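Residue-level structure breakdown
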Amino acid sequence: QARVAQSGGGSVPAGGSLRLSCTLSGNIINEYYISWFRQPPGQDREGVAVTIPGGSRTYYADSVKGRFTISQDRAGKTEYLQMKRLEPEDTALYYCAAGQRWSGDLHDSTTYRYWGQGAQVTVSS
């Protein structure tokens, strides 16, 4: 059974840090890559970051460049989104999703079949 499991999230003051995790299991573990999205309150879902299969290329949204970083643990097929210097604008429900082919658009979420349950990140000013 394919599964995408998330953990992390929480509430922090501006300037703080959080780390989210995303773990793949089941029949998608060997051939899928992980992409990160977020949906701020009252706004559309947007892309955050993605690591192309093999970990050789990582792309970040302009809004998070220099503050968010991705790390991977292939042994457990777990990927971490490390978020530093968080801003109130980062407040959102964060999702990870498993994909096979990247569309080339960081914000395109239409091709993903398997999604994590989401993790709430709240940043106070």
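Our structure is the block above this text.
What comes next is a walk through the structure. (Residues numbered from 1 in each chain as written. Predicted model: local features only at pLDDT ≥ 70, side-chain atom pairs only at ≥ 80, totals over all residues. Heavy atoms only, no water.)

Here we look at the pattern of salt bridges
All told, the structure shown has five salt bridges when counted by the stated rule. Of the charged contacts in the structure, one is a salt bridge between Lys-65 and Asp-62, with a shortest N-O distance of 3.1 Å. As far as burial versus exposure is concerned, Lys-65 and Asp-62 are alike and both exposed. Its salt-bridge partner being Arg-67, residue Glu-87 comes within 3.8 Å of it at the nearest N-O pair. Of the two residues, Glu-87 is situated in the loop between strand 8 (78–83) and strand 9 (92–99) and Arg-67 in the loop between strand 6 (58–60) and strand 7 (68–73); the sequence distance between them amounts to 20 residues. Classification of Glu-87 by relative accessible area gives partly exposed; the value is 35%. Each of Arg-38, Glu-46, Arg-67, Glu-87 and Asp-90 takes part in a single network of salt bridges with overlapping partners. (Salt bridge = Lys/Arg side-chain N within 4 Å of Asp/Glu carboxyl O. Buried < 20%, exposed > 50% of the residue type's maximum accessible area, 1.4 Å probe, protein only. Helix = DSSP H or I, 4+ residues; strand = E, 2+ residues; numbered from the N terminus.)

Points about the pairing of strand 8
Side-chain positions along a regular strand alternate between the two faces of the sheet. Strand 8 sits mainly inside the fold: five of its six residues count as buried. For strand 3 (residues 18–25) and strand 8, the ladder comprises six bridges, and the chain directions are antiparallel. Paired with Ser-21 across the strands is Tyr-80, a residue of strand 8. Of the strand pairs in this sheet, strand 7 and strand 8 are connected by six bridges, and their pairing is antiparallel. Note on strand 8: the bridge partner recorded for Phe-68 is Met-83. (Pairing = 2+ DSSP bridges.)

A word on the pairing of strand 11 (residues 119–124)
Burial of the side chains of strand 11 is restricted to one face: Ala-119, Val-121 and Val-123 are buried, whereas none of Gln-120, Thr-122 and Ser-124 on the reverse face is. Pairing geometry for strand 2 (residues 10–13) and strand 11, over four bridges, is parallel. Following the sheet pairing, Val-12 is matched in strand 11 by Val-123. By the bridge criterion, three bridges tie strand 9 to strand 11 in an arrangement that is antiparallel. Of the residues in strand 11, the one forming a bridge with Leu-93 is Gln-120.

Brief notes about the sheet that holds strand 3
The sheet built from four strands is open, its strands ordered 1-3-8-7 with antiparallel pairing. Edge positions in the open sheet fall to strand 1 (3–7) and strand 7, since each of these has one partner strand only. Taking each pair of neighbouring strands and ignoring which way they run, the sheet shows an average axis angle of 20°. (Axes fitted to C-alpha atoms, helices over the stretch in contact; angles between N-to-C directions.)

What to know about the state of the cysteines
Counted by the stated rule, this structure contains one disulfide. Paired through a disulfide, Cys-22 and Cys-96 show a sulfur-sulfur distance of 2.0 Å. Looking down the S-S bond of the Cys-22 and Cys-96 bridge, the torsion is 85°, so its handedness is right-handed. Separated by 74 residues along the polypeptide, Cys-22 in strand 3 and Cys-96 in strand 9 bring together distant segments of the chain. (Disulfide = S-S within 2.5 Å.)

Focus: the packing of aromatic side chains
Counted under the stated rule, the structure contains seven aromatic pairs. Here the aromatic rings of Tyr-112 and Trp-115 are separated by 6.1 Å at their centres, their planes lie at 75°, and the arrangement is edge-to-face. Assessed through its relative accessible area of 7%, Tyr-112 is described here as buried. Here a set of aromatic residues connected by ring pairs shows up, and it is made of Tyr-33, Phe-37, Tyr-95, Tyr-112 and Trp-115. (Phe/Tyr/Trp six-rings, centres within 6.5 Å; stacked < 30°, edge-to-face > 60°.)

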